[in-house]
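Each chain is listed here by its residues.
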Number of protein chains: 6
Amino acid sequence: MKIAVYPGSFDPVTNGHLEIIRRAAALFDQLVVLVAVNATKHYLFTAEERADLLRSCTVAIPNVTIKTHDGLVALYASDINATAIVKGLRAMSDFDAEFQQSLINRQLNETAETVFLPASSSSMFLSSGMVKQVCALGGNIQAFVPPEILWQIETKIRAQAQKQS
Amino acid sequence: MKIAVYPGSFDPVTNGHLEIIRRAAALFDQLVVLVAVNATKHYLFTAEERADLLRSCTVAIPNVTIKTHDGLVALYASDINATAIVKGLRAMSDFDAEFQQSLINRQLNETAETVFLPASSSSMFLSSGMVKQVCALGGNIQAFVPPEILWQIETKIRAQAQKQS
Amino acid sequence: MKIAVYPGSFDPVTNGHLEIIRRAAALFDQLVVLVAVNATKHYLFTAEERADLLRSCTVAIPNVTIKTHDGLVALYASDINATAIVKGLRAMSDFDAEFQQSLINRQLNETAETVFLPASSSSMFLSSGMVKQVCALGGNIQAFVPPEILWQIETKIRAQAQKQS
Amino acid sequence: MKIAVYPGSFDPVTNGHLEIIRRAAALFDQLVVLVAVNATKHYLFTAEERADLLRSCTVAIPNVTIKTHDGLVALYASDINATAIVKGLRAMSDFDAEFQQSLINRQLNETAETVFLPASSSSMFLSSGMVKQVCALGGNIQAFVPPEILWQIETKIRAQAQKQS
Amino acid sequence: MKIAVYPGSFDPVTNGHLEIIRRAAALFDQLVVLVAVNATKHYLFTAEERADLLRSCTVAIPNVTIKTHDGLVALYASDINATAIVKGLRAMSDFDAEFQQSLINRQLNETAETVFLPASSSSMFLSSGMVKQVCALGGNIQAFVPPEILWQIETKIRAQAQKQS
Amino acid sequence: MKIAVYPGSFDPVTNGHLEIIRRAAALFDQLVVLVAVNATKHYLFTAEERADLLRSCTVAIPNVTIKTHDGLVALYASDINATAIVKGLRAMSDFDAEFQQSLINRQLNETAETVFLPASSSSMFLSSGMVKQVCALGGNIQAFVPPEILWQIETKIRAQAQKQS
């Protein structure tokens, strides 16, 4: 059985992430979506909120599991005998950072292969940061996030935006 | 009448921005330079200071107006019936972020076209951040900013640099 | 009156080119689409065929004219008092060549501004070369070229492919 | 059973290709290495020679098969019910062309996912073209190609180089 | 006598930096490694600690000196009559920032030439930031930093990571 | 004594090449400009013509010598005990090819370091190919090539353009 890990911040999950999850779930027998918890980074949503949003929009994909993790992805992949670490590759700006990460991961865990799935043209330029910025400025983000969690995402981002202004 | 919007932080305006303003003013009937006000970002100059510096160096270009705005550029462009959103395109590193922004803007306002003007070779690598860094370290920024506002920019940056050291 | 020139090989015109034509026609009063004729380059379609294909699919846009030209674009733009030279900007690989060309054009004609229009996400990766390659190998190109000229394009490319094999 | 296709020119196969083959063979149940035959392209080795070189250096990997093909990869993948089309991703220059190809392939065959495997740091800058150039100029290519086929590759390239000079 | 300056944050020095130091020391008669002190930037190691780590791993290279400096590199280079400012060039993401810096430096000091040394393939994706991240998450950084200072670097990063969690 | 080699096609030499020659001549004790002769490439100017154009415009720089060579640059550098192979680095598009070449060169000759000199902003987008194209189409190339050889370059390119049309 081939297991893959798809790590990320998912702060919050977008349609771009969901598309990668669907496609990776079709390539591997089991897919673990791994919500990164990094003490030095500031997130808008807590790790549990980010995991719950992911669960809400992947409930219909049977071979997907959502987990949170606060260590190295490469070591987690090794612990669960994963064959692959999946990353979405969008515009050029992802390229260097993802390449660097993949080489480091190989050094830390030789048995899990990094696999890049190219974003579709419609989500080529979609990011969690952009979703937060557009929503905080009063824009409509309905084309960018899964419908079942739109309301939760909007509520949180707007509350936060109000606090800061 | 074709109206264009040229949005940016302008913290502070550089010769590179001024060059884009001059060229965009020649392409369109009216050009609104829009000073972004973003509660989550930290600026050195206040929105009003940034607008005033822009006014001082564009006073001779009749079809240019300076405004400040704290919402989405795409919606502002829609409100004033602008045909175009103008962005300067410098080195490669601008490319992805500007493309992302242009696609988001199209989703938010289908009638305002994003138009990129390539930087001239002399301002290809010029940025507000670089101006602030060079000046704070005691360097000469006279080749990088309009002469009529050089003194104001230097005074502010050096005062700030002294506070931090 | 603002006149713009949109130069290219158009060998053959794709939906990506057509999209740029529509958007540029909305930005300027007159748009001249300029079919490049370059003795040192090998084209599949003759200059007249390329111009005719363009005419067939732009007939409904009143302020667009199609011309062929075998000299420097910058000098042509100067001759017709054009304010702008329009270029579509797709993926990263266009960037350097287009920047180079824009700087050269400025040196040859200071009054015509190069203006880049970013490709939409659906035509970000579309090119004449790709259309020819897919069609020659028996693939369906209907999503990539205007419907009114699909048949002409397919007929020519397949005839050529048969000759070479 | 998950089948993957790894298409390419392999003119000739390098250590970089072989590394991708090994890693893709570990990710999927069956891997078909597909030697492209394109009437409009000029190859140094014939399709059969390129396939034979690949067979010689993959004989020890049980789930790898070598095939030649002169049509669209996306349609071939569809014919054999492949889940994935594997591409190696080396330096930045591969990025745009590979992205373009992956989007076209998705349009032609929605069921085969393009999967990018990042080159290891030692083959990041290795290409068939570079191997041919170094060898033709009398350089040592032993670090760049599999040892069991080094002699055959050198013989062919040097014979060709002699003919041209 | 040709003097070169190699400026950087070195927070902390990695094998990638050390490789550039060795190669630059072979190209020039004297090499000054300049540890940047920037009041507006946050470092993990103090300027003196960063300089000491550098001294520990360059003690065997006779023509290398380590200095700290809190002003503009271009002016420092001018003060010591340096012929060259050396920068390592790794992946694409360094390119724009380094080019910008080199053009600014030329404006500030016409006599010191910026010289880029390309990273070797093994340190192409190595950075101080990555070393700190991997170590903070409990990973092994022994392949990334000089052995004589591994212990000091690990001790500091782990102490810091513990404070933040 | 430090010797450097600056290899290239120089078909023909441009102001961009000349600028790199001047700067490299200031960095090293001896600079050999190496005109590449490659049987598989088509040049407009013969190797001797390219060398003579270079000699005409470098006659005033005492430590520069012009040579032609039809083998591997790395081996030539080794034969003359060169410390460095100098390459100009212009826009992003040079980057990958030059990096690839530098890694190959290191494999072939460990003692000659590749050294990149960034183009100045005025020659960032200048190339021999662009000079030939502009001149062939009747444009003015006087800003792009050294004045002492302008006439020879124009004569050759225009004669060639006439033959092809």
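Above this note sits the structure.
Counting from 1, residues in each chain are numbered in the order their sequence is written. Chain letters and ligand numbers both follow the written order, the letters beginning at A and the numbers at 1. Given that the model is predicted, a residue must reach a pLDDT of at least 70 before its local features are reported, and side-chain atom pairs must reach 80 or more before they are shown or counted; all residues, however, enter totals for whole chains, interfaces and linings. As a rule here, side-chain values cover all heavy atoms of the structure and leave hydrogens and water aside.

## Points about the relation of the copies chain A and chain C
Reasoning step 1: In screw terms, the move from chain A to chain C is a rotation of 180° and a rise of 0.0 Å along the axis, fitting with an RMSD of 0.0 Å. Taken together, these values place the two copies in the relation of a two-fold axis. It is A:Ser121 whose C-alpha, among those of chain A, lies nearest the rotation axis, at 2.7 Å.
Reasoning step 2: Residue contacts are counted whenever heavy atoms from the two residues lie within 4.5 Å of one another. Take the interface residues of chain A: 100% of them recur as interface residues in chain C, which is what a same-surface contact looks like. Least squares is the method for superposing the copies, and the C-alpha atoms it fits come from residues with pLDDT of at least 70 in both.

## Digging into the interface of chain A and chain D
Reasoning step 1: Facing 28 residues of chain A, the contacting portion of chain D comprises 28 residues.
Reasoning step 2: Computed with a 1.4 Å rolling probe, the buried area is the accessible surface lost when two parts are put together, summed over both parts. Buried area between chain A and chain D, both sides added, is near 2,200 Å², and the carbon and sulfur share of it is 69%.
Reasoning step 3: Here, a salt bridge means any side-chain nitrogen of Lys or Arg that lies within 4 Å of a carboxyl oxygen of Asp or Glu. For the interface between chain A and chain D, the tally reads 2 salt bridges.
Reasoning step 4: Its salt-bridge partner being A:Glu113, residue D:Arg23 comes within 2.4 Å of it at the nearest N-O pair.
Reasoning step 5: Residues adjacent in sequence count toward polar contacts only when both atoms are side-chain atoms; beyond that, a polar contact is any pair of N or O atoms within 3.5 Å, and within protein one must be able to donate a hydrogen and the other to accept it. Connecting chain A to chain D are 7 residue pairs in polar contact (both at pLDDT 80 or more).
Reasoning step 6: Residue assignment for the side of chain A that touches chain D shows that the elements contributing at least two residues are α1 (15–27), β4 (84–89), α4 (93–108) and β5 (113–118) of chain A. Here a strand is any run of E in DSSP of at least two residues, a helix any run of H or I of at least four, and the numbering for each starts at the N terminus.

## Overview of helix α1 (residues 15–27) of chain E
Residues and elements named next belong to chain E.
Reasoning step 1: The span you would expect from a helix comes to 1.5 Å times its residue count less one. Taking 1.5 Å per residue as the helical rise, α1 with its 13 residues ought to reach 18 Å, and the 19 Å between its terminal C-alpha atoms agrees with that figure.
Reasoning step 2: Summary of the burial criterion: residues with accessible area below 20% of their type's maximum are buried, those above 50% are exposed, and those between are partly exposed, where the area comes from a 1.4 Å probe applied to protein chains only. Counting buried positions over the 13 residues of α1 gives 10, a clear majority of the element.
Reasoning step 3: Restricting attention to buried positions, one finds in α1 the residues Gly16, His17, Leu18, Glu19, Ile20, Ile21, Arg23, Ala24, Ala25 and Leu27.
Reasoning step 4: N-capping of α1 is provided by Thr14, with a side-chain oxygen placed 3.1 Å from the backbone N of Gly16.

## Focus on the interface of chain A and chain C
Reasoning step 1: Chain A puts 5 residues into the contact, and the matching count from chain C is 5 residues.
Reasoning step 2: Put simply, chain A and chain C have 0 salt bridges between them.
Reasoning step 3: Taken together, the connections running from chain A to chain C amount to 0 residue pairs in polar contact (both at pLDDT 80 or more).
Reasoning step 4: Of the residues in the side of chain A that touches chain C, the class split is 3 nonpolar, 2 polar and no charged. The nonpolar class holds Ala, Val, Leu, Ile, Met, Phe, Trp, Tyr, Cys and Pro. Asp, Glu, Lys and Arg form the charged class, and all remaining residues, Gly among them, are polar.

## A few points about the pattern of salt bridges
Residue and element names in this part refer to chain A.
Reasoning step 1: Applying the stated criterion across every chain yields a total of 47 salt bridges over all chains.
Reasoning step 2: Of the charged contacts, one joins Glu98 and Lys87 as a salt bridge, the two residues approaching to 2.9 Å between their closest N and O atoms. Of the two residues, Glu98 sits in helix α4 while Lys87 sits in strand β4, which places them 11 residues apart along the sequence. The pair Glu98 / Lys87 is uniform in exposure class, with both members buried.

## A few points about the packing of helix α5 (residues 128–136) of chain D against helix α6 (residues 150–164) of chain D
All names here are of chain D.
Reasoning step 1: To define axes, lines are fitted to C-alpha atoms, for helices over the stretch in contact only, and angles between the resulting N-to-C directions are given on a 0 to 180 degree scale. Remark: α5 packs on α6, axes separated minimally by 9 Å, with the N-to-C direction vectors making an angle of 65°. Two packed elements cross with a definite hand, and for α5 against α6 that hand is right-handed. Taking contact as the criterion, the partners of Val131, Lys132, Cys135 and Ala136 in α5 are, on α6, Glu154, Ile157, Arg158 and Ala161.
Reasoning step 2: Broken down by class, the residue content of the contact of α5 with α6 amounts to 5 nonpolar, no polar and 3 charged. Rotating anticlockwise by less than a right angle from the far helix to the near helix defines a left-handed crossing, while the corresponding clockwise rotation defines a right-handed one.

## Details of the relation of the copies chain A and chain D
Two copies of one chain are present, and they are related through a rotation about an axis combined with an axial shift.
Reasoning step 1: Superposing chain A onto chain D takes a rotation of 180° combined with a translation of 0.0 Å along the rotation axis, leaving an RMSD of 0.0 Å.
Reasoning step 2: A shared interface surface links the copies, since 100% of the contact residues of chain A are contact residues in chain D too.

## Looking at the pairing of strand β3 (residues 64–69) of chain D
Residue and element names in this part refer to chain D.
Reasoning step 1: Any two strands with at least two DSSP bridges between them are considered paired. Bridge analysis of strand β2 (residues 30–36) against β3 gives 6 bridges, and the strand direction is parallel. Of the residues in β3, the one forming a bridge with Val35 is Thr68.
Reasoning step 2: With its strands directed away from the observer, a crossover is right-handed exactly when the path from the first strand over the helix to the second travels clockwise. As a crossover connection, the stretch from β2 through helix α2 (residues 47–58) into β3 is right-handed.

## Considerations on the side chain of D:Thr83
Reasoning step 1: Tracing the backbone through its elements, the reader meets D:Thr83 in the loop between α3 (73–79) and β4 (84–89).
Reasoning step 2: For D:Thr83, a relative accessible area of 15% translates into the label buried.
Reasoning step 3: Among all residues touching D:Thr83, those that are not within four sequence positions of it are A:Ala26, A:Leu27, D:Lys2, D:Ile3, D:Thr111, D:Ala112 and D:Glu113.

## Considering the arrangement of the chains
Reasoning step 1: At no point do chain C and chain E touch; the closest pair of C-alpha atoms across them sits 13 Å apart.
Reasoning step 2: The two units chain A and chain F never meet; even their closest C-alpha atoms stay 13 Å apart.

## Focus: the packing of aromatic side chains
Reasoning step 1: Planes of paired rings set the category: under 30 degrees apart is stacked, over 60 is edge-to-face and the rest tilted, where pairs are Phe, Tyr or Trp rings (Trp by its six-membered ring) whose centres lie within 6.5 Å. Summed over all chains, the structure comprises 12 aromatic pairs over all chains.
Reasoning step 2: With a centroid separation of 6.3 Å and an interplanar angle of 20°, the aromatic rings of A:Phe99 and A:Phe116 are classed as stacked. Of the two residues, A:Phe99 is situated in helix α4 and A:Phe116 in strand β5; the sequence distance between them amounts to 17 residues. Of the two residues examined, A:Phe99 and A:Phe116, each falls in the buried class.
Reasoning step 3: For the cation-ring pair, F:Arg50 lies above F:Tyr43, with the distance from its terminal atom to the ring centre recorded as 3.7 Å. Sitting over a ring, as applied to charges here, requires NZ of Lys or CZ of Arg to be within 6 Å of the ring centre and within 35 degrees of the ring normal.

## Considering the environment of E:Ala47
Residues and elements named next belong to chain E.
Reasoning step 1: Along the chain, Ala47 falls in helix α2 (residues 47–58).
Reasoning step 2: By relative accessible area, Ala47 is classed as buried at 18%.
Reasoning step 3: The sequence separation of Ala47 and Glu19 amounts to 28 residues, and the corresponding C-alpha distance is 21 Å.
Reasoning step 4: Setting aside its immediate chain neighbours within four residues, Ala47 contacts Val35, Val37 and Thr68.

## Describing the environment of C:Arg106
Reasoning step 1: The topology assignment puts C:Arg106 in helix α4 (residues 93–108).
Reasoning step 2: Linking C:Arg106 and C:Ala74, residues 32 residues apart in sequence, is a C-alpha distance of 7.8 Å.

## Section: the state of the cysteines
Residues and elements named next belong to chain A.
Reasoning step 1: Only a pair of cysteine sulfur atoms within 2.5 Å counts as a disulfide in this structure description. Overall, the coordinates contain 0 disulfides over all chains when judged by the stated rule.
Reasoning step 2: A disulfide-free cysteine, Cys57 has its sulfur positioned 16 Å from the sulfur of Cys135, the nearest such atom.
Reasoning step 3: Residue Cys57 is classed as buried on the basis of its relative accessible area of 7%.

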